[in-house]
Amino acid sequence: VQLVESGGGLVQPGGSLRLSCAASGFTSSWYDMNWYRQAPGKERELVAFITSAGDRTNYADSVKGRFTISRDNAKNTVYLQMNSLKPEDTAVYYCNVRIRGYVYWGQGTQVTVSS
């Protein structure tokens, strides 16, 4: 199982980024997937969730209305579209998946929101 995040970077407040999580080594279309983030000095927090079929999503209150999670099962990829970014969104963003009780994580991608 491998998860590889990409798309992070430095962006000004109010800007947008699209993160990608490329999955391999398993049939990603069978599993719900999540985006988490971890800011310096803080615990890792759940940002967004999507079901295996992509028919249901859920978001942390702090990102509702600004972030959108989606997936393309044909490409084994999950996305996180982030709009209206704020400095407090600065963090390392991770995708994860739980398979048979074990949680797999990617290496993360850094998002920095600063002027």
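Predicted, not measured: the structure shown is a model, and the values here were computed from it.

**Quick look at the overall build of the protein chain**
- Secondary structure summary: the protein chain contains zero helices and eleven strands in total.
- Going residue by residue from the N terminus, the α and β elements of the protein chain occur as β-β-β-β-β-β-β-β-β-β-β.
- Taking 2.2 N^0.38 as the reference for a compact globule, 115 residues should give roughly 13 Å; the C-alpha atoms of the protein chain span a radius of gyration of 13 Å, in line with that estimate.
- Overall size of the protein chain, expressed as C-alpha extent along the three principal axes, is 40 × 25 × 20 Å.
- Taking all 115 residues of the protein chain together, 43% fall into the buried category.

**Points about the pairing of strand 4 (residues 33–38)**
- In this sheet, strand 5 (residues 45–50) lies alongside strand 4 in antiparallel orientation, the contact comprising five bridges. Of the residues in strand 5, the one forming a bridge with W35 is A48.
- With antiparallel pairing between neighbouring strands as the criterion, strand 4 and strand 5 make up a hairpin whose turn holds six residues, including G41 at a positive phi of roughly 75°.
- Note that strand 4 and strand 9 (residues 91–99) share five bridges and pair antiparallel. Directly across from N34, in strand 9, lies its bridge partner N96.

**A word on the sheet that holds strand 3 (residues 17–24)**
- Ordered in space as 1-3-8-7, the four strands form an open sheet in which the pairing is antiparallel. At either end of the open sheet lies a strand with only one pairing partner, and these are strand 1 (2–6) and strand 7 (67–72). Neighbour to neighbour, the strand axes of the sheet diverge by 15° on average, direction disregarded.

**Describing the pairing of strand 7**
- The alternating pattern of strand 7 places F67, I69 and R71 on a buried face, while none of T68, S70 and D72, on the opposite face, is buried.
- Relative to strand 8 (residues 77–82), strand 7 runs antiparallel, the two being bridged by six bridges. Note that in strand 8 the partner of D72 across the bridge is T77.
- In sequence, strand 7 turns back onto strand 8 through a hairpin of four residues, with N76 there showing a positive phi of about 55°.

**A closer look at the pattern of salt bridges**
- Tallied over the full model, the rule gives four salt bridges.
- The partner of R66 in a salt bridge is D89, and the shortest N-O contact between them spans 2.7 Å. Of the two residues, R66 is situated in the loop between strand 6 (57–59) and strand 7 and D89 in the loop between strand 8 and strand 9; the sequence distance between them amounts to 23 residues. Here the two residues R66 and D89 agree in accessibility, since each one is buried.
- The network of salt bridges with shared partners includes R37, E45, R66 and D89.

Conventions we followed
- Residues numbered from 1 in each chain as written.
- Predicted model: local features only at pLDDT ≥ 70, side-chain atom pairs only at ≥ 80, totals over all residues.
- Heavy atoms only, no water.
- Helix = DSSP H or I, 4+ residues; strand = E, 2+ residues; numbered from the N terminus.
- Rg over C-alpha atoms; globule rule 2.2 N^0.38 Å.
- Buried < 20%, exposed > 50% of the residue type's maximum accessible area, 1.4 Å probe, protein only.
- Pairing = 2+ DSSP bridges.
- Axes fitted to C-alpha atoms, helices over the stretch in contact; angles between N-to-C directions.
- Salt bridge = Lys/Arg side-chain N within 4 Å of Asp/Glu carboxyl O.

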